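Below are the chains, spelled out letter by letter.
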Amino acid sequence: MPEGGVKRAAYDLIKRFPGLRLLVRRCLRVLRGAAYRLRTWGVEPDPKTVLFCSYHGKSCSCSPRAIYDYMLASPAYGEYRFLWAAEPSGETALAADPRTQVIPFGGRAFERAMAGAGYWVFNSTLPEHISPRRGQIYLQCWHGTPLKRLGCDIREEGNAMNSLTEIRRKYRLEGEKVDFFLSPSPFASECFRSAWQLGRRGRAGTVLELGYPRNDRLADATAEECQAMRRRLGIPQGKRVVLYAPTFRDDQHISGTGYAYRPAVDFSALRAALGEDYVILFRAHYLVATACDFSAWNGFVLDVSGAEEINDLYLAADLMITDYSSTMFDYVVLRRPILFYMYDLEQYRDRLRGFYFDPDELPGPILTEEAQLAPAIRAAEHFVWDGQWEAFRQRFAPLDDGGAARRVTEAVMGKGREK
C-alpha cells in the first residue's frame, strides 16, 4: 500500500476507536517529550531571544507579527534576536533582517530554537510534548474572541478527530504551560479562564487584558491604506467589496487531509442578483486543508485564503459576511457592516460547539436562508453605525485602540523576568 494510503488507513482506524486514539496519542506525547529533553539537553534559554509562531507555522502573522514589528522598530529592544517558526511555504522575507531568522516549524532545528529562546510568542497551542523550562516565558496570544465554545467549555461530541475527553485534556495541558494569556476584553478573559481552566489551578492571573496587537492596524487605518490594499488585490475601482469568511466545521474532516469546506453559497445566483457592482473575497479558515475552485466566477469571486494577513482583507472590504467566526470581533473595529450567515445554526449550536452568548445579541442581521444574502448585501449599502453597534464594539473590542502591541510588549518583557 502506498505511504499515503497507509497514513489514511491509520487515521481512519483511530477515528473509529477513540480509546485506541487516546492511548496512541499519550504514548507519542511521552516519547516525543523524552526525545525533546534529550535532544535539547544543555541548551540554555537566552533572555534576549524571542521565538514567534502563528497558526502552527502556517504564516507569520496575527498578534505575534504585530508584537515582532513593534519590537523590531523599538530602540528598547535593539539587542534582541528574533526567531520565526514557519512551514517551508511560510514567509521568508523576514530573514532579510539581520536580527531575524526563519526556521522550519517542527523538527530538530525548531526544538533547539524553542529550547534556546527566552520568550515564546504563539497564537495557537504549543506542540503537546514541549513545555517551557525555567527561565522561559510563554505568551499565548490566541487568535480571536470566541462566540463558539472552546476547550473545556465544549459540551457536544461533534468533533471528527477528538473526543470531549481529548479536547479538554489538551486545553488543560496548554493552560498549565502559559505564563501570560492575552485578552482583548473582560468578556474574552472570562472565556479563556474557563476554557483553559486557569482558575482551577490558581492561574487566573495569567490573563493580560490589554487588547489584540494585530488590530492596531485596524484602529489606525486610513482611507489611503484601504484603497492601496484594494489595488494590491487587483480589485477594479468602483466595486463594492464583500469579504466572506466562514469558520470551519468540526465534523467536516477528511482522513489524512484535514478539515474541508463545503460551499454554502450559490455564487452564480448571487452574481446574477448583485450584478457587476460587487466583488466577493473568499477567505477559508486556516484549518481548512481543501481548496475550492472559483474559476467559474472569475472576476466576481477572488479566493484570498492564501493571504498572509486577514487584516489586509478587512481593510479592503466594505462589508463582511461570516457565521460563528471570531473575525466579527476584529472587523467591528473598522465600524463597518457585518452580516451573519448562519445557515446551519441549529446544527452548530446544538450538536457541534455551542455558544458563549445567544446569537440574537449580535447587532447585525442573522441570515439562515441563502435567498436572504443578496437583499441583505444590498441593504448594507445604507449601513449606519448606531448605538447598538457601538455597544457591541465596547463589549468585545474596548482595548483595540492602536496601542496594544506596545502595552503587551512592555508588560511581558517587564514582568517576564520576575518569573
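For the structure itself, look to the data block above.
Owing to the predicted nature of the structure, the values given are computational and were not obtained by experimental measurement.

Draft legend 1. Structural view of the sheet that holds strand E6 (residues 180–183). Here seven strands make up an open sheet; going across it, the order is E3-E2-E1-E4-E5-E6-E7 and the pairing parallel. Bordering the open sheet on either side are strand E3 (100–104) and strand E7 (207–209), each of which pairs with just one other strand. Neighbour-to-neighbour, the strand axes of this sheet turn through a mean angle of 25 degrees, independent of strand direction. Sheet topology places strand E4 (residues 117–122) next to strand E5 (residues 137–140); four bridges connect them, and they run parallel. Each residue of the ladder has a partner; that of tyrosine 119, found in E5, is isoleucine 137. Of the strands in this sheet, strand E1 (46–53), strand E2 (81–86), E3 and E4 are in contact with helix H4 (residues 107–116), which crosses E4 at around 110 degrees.

Draft legend 2. Geometry of the state of the cysteines. A full pass over the atoms with the stated rule returns zero disulfides. A disulfide-free cysteine, cysteine 60 has its sulfur positioned 8.3 Å from the sulfur of cysteine 53, the nearest such atom.

Draft legend 3. Examining the packing of aromatic side chains more closely. In this structure the tally under the stated criterion is 36 aromatic pairs. Consider the rings of phenylalanine 105 and phenylalanine 110, whose centres lie 4.9 Å apart with planes at 50 degrees: the pair is tilted. Judged by its relative accessible area of 2%, phenylalanine 110 is buried. One aromatic cluster is present, built from ring pairs that chain together Phe187, Phe329, Phe357, Phe383, Trp385, Trp389, Phe392 and Phe396. Sitting over the face of the ring of tyrosine 356, arginine 149 holds its NZ or CZ atom 5.3 Å from the ring centroid. Positioned above the aromatic ring of phenylalanine 357 is the side chain of arginine 395, whose terminal nitrogen or guanidinium carbon lies 5.2 Å from the ring centre.

Draft legend 4. The sheet that holds strand E13 (residues 319–322), seen in detail. Pairing is parallel in the open sheet, where six strands are placed in the order E12-E11-E8-E13-E14-E15. With one partner strand each, in any of the chains shown, strand E12 (301–303) and strand E15 (366–367) form the two edges of the open sheet.

Draft legend 5. Here's a closer look at helix H12 (residues 345–352). What H12 keeps buried is the set Leu345, Tyr348 and Leu352. What you see down the axis of H12 is that its buried residues fit within an arc of 115 degrees, all on one side. In the segment just after H12, glycine 354 is the residue with positive phi, at about 75 degrees.

Draft legend 6. Main features of the nonpolar core. Ranked by size, the top nonpolar core spans 99 residues in total, and within it Leu51 and Trp120 carry the most contacts. Excluding anything up to four places from it in sequence, tryptophan 120 contacts Tyr36, Leu51, Met114, Leu126, Ile130, Ser131, Pro132, Gln136, Ile137, Tyr138 and Leu139. With 27 residues, the next largest nonpolar core counts Val242, Tyr261, Ile321 and Tyr341 among its residues.

Draft legend 7. Fine view of unusual backbone geometry. Located in the positive-phi region is cysteine 62, a residue other than glycine, with phi close to 65 degrees. Its place among the elements puts cysteine 62 in helix H3 (residues 62–73). A positive phi angle, close to 50 degrees, is found at glutamine 197, a residue other than glycine. Owing to a relative accessible area of 11%, glutamine 197 belongs among the buried residues under this scheme.

Draft legend 8. Structural view of the pattern of salt bridges. If you walk through the whole model with that rule in mind, you get 18 salt bridges. Two residues, arginine 393 and glutamate 390, come together in a salt bridge whose shortest N-O distance is 2.7 Å. Pair noted here: arginine 393 and glutamate 390 are both in helix H14 (residues 387–396), with a separation of three residues, about one helical turn. By relative accessible area, which is 23% here, glutamate 390 ends up partly exposed. Between aspartate 401 and arginine 407 there is a salt bridge, and its shortest N-O distance comes to 3.1 Å. Aspartate 401 gets classed as partly exposed once you look at its relative accessible area, which sits at 45%. Taken together, the salt bridges that share partners define one network made up of Arg29, Glu128 and Arg169.

The rules behind the values
- Each chain has its residues counted from 1, running along the sequence as written.
- Per-residue local features of the predicted model are confined to residues with pLDDT of at least 70, and side-chain atom pairs are confined, for both listing and counting, to 80 or more; whole-chain, interface and lining totals are unaffected and use all residues.
- Only heavy atoms go into the side-chain values, all of them from the structure, while hydrogens and water stay out.
- Should DSSP find at least two bridges between two strands, the strands are regarded as paired.
- Helix and strand definitions here come from DSSP, where helices need a minimum of 4 consecutive H or I residues and strands a minimum of 2 consecutive E residues; each element is numbered from the N-terminal end.
- A fitted line through C-alpha atoms serves as each axis, taken over the contacting stretch for helices, and the angle formed by two N-to-C directions is quoted from 0 to 180°.
- By definition, residues are in contact when any of their heavy atoms lie within 4.5 Å.
- For this text, the term disulfide refers to a pair of cysteine sulfurs within 2.5 Å.
- Stacked, tilted and edge-to-face are the three classes assigned to paired rings of Phe, Tyr and Trp, where Trp is represented by its six-membered ring and a pair needs centres within 6.5 Å; plane angles under 30 degrees give stacked, over 60 edge-to-face, the rest tilted.
- The buried label applies to any residue whose accessible area, calculated with a 1.4 Å probe on protein chains only, is under 20% of its type's maximum; exposed applies above 50%, and partly exposed to all values in between.
- For a lysine, the NZ atom is tested; for an arginine, the CZ atom; a charge sits over a ring if that atom is within 6 Å of the ring centre and within 35 degrees of the ring normal.
- Directions pointing from the helix axis toward each C-beta atom define the arc.
- The nonpolar core is taken to be a set of buried Ala, Val, Leu, Ile, Met, Phe, Trp, Tyr and Cys residues, with the residues joined through side-chain atoms within 4.5 Å.
- Each salt bridge in this description consists of a side-chain nitrogen of Lys or Arg and a carboxyl oxygen of Asp or Glu lying within 4 Å of one another.

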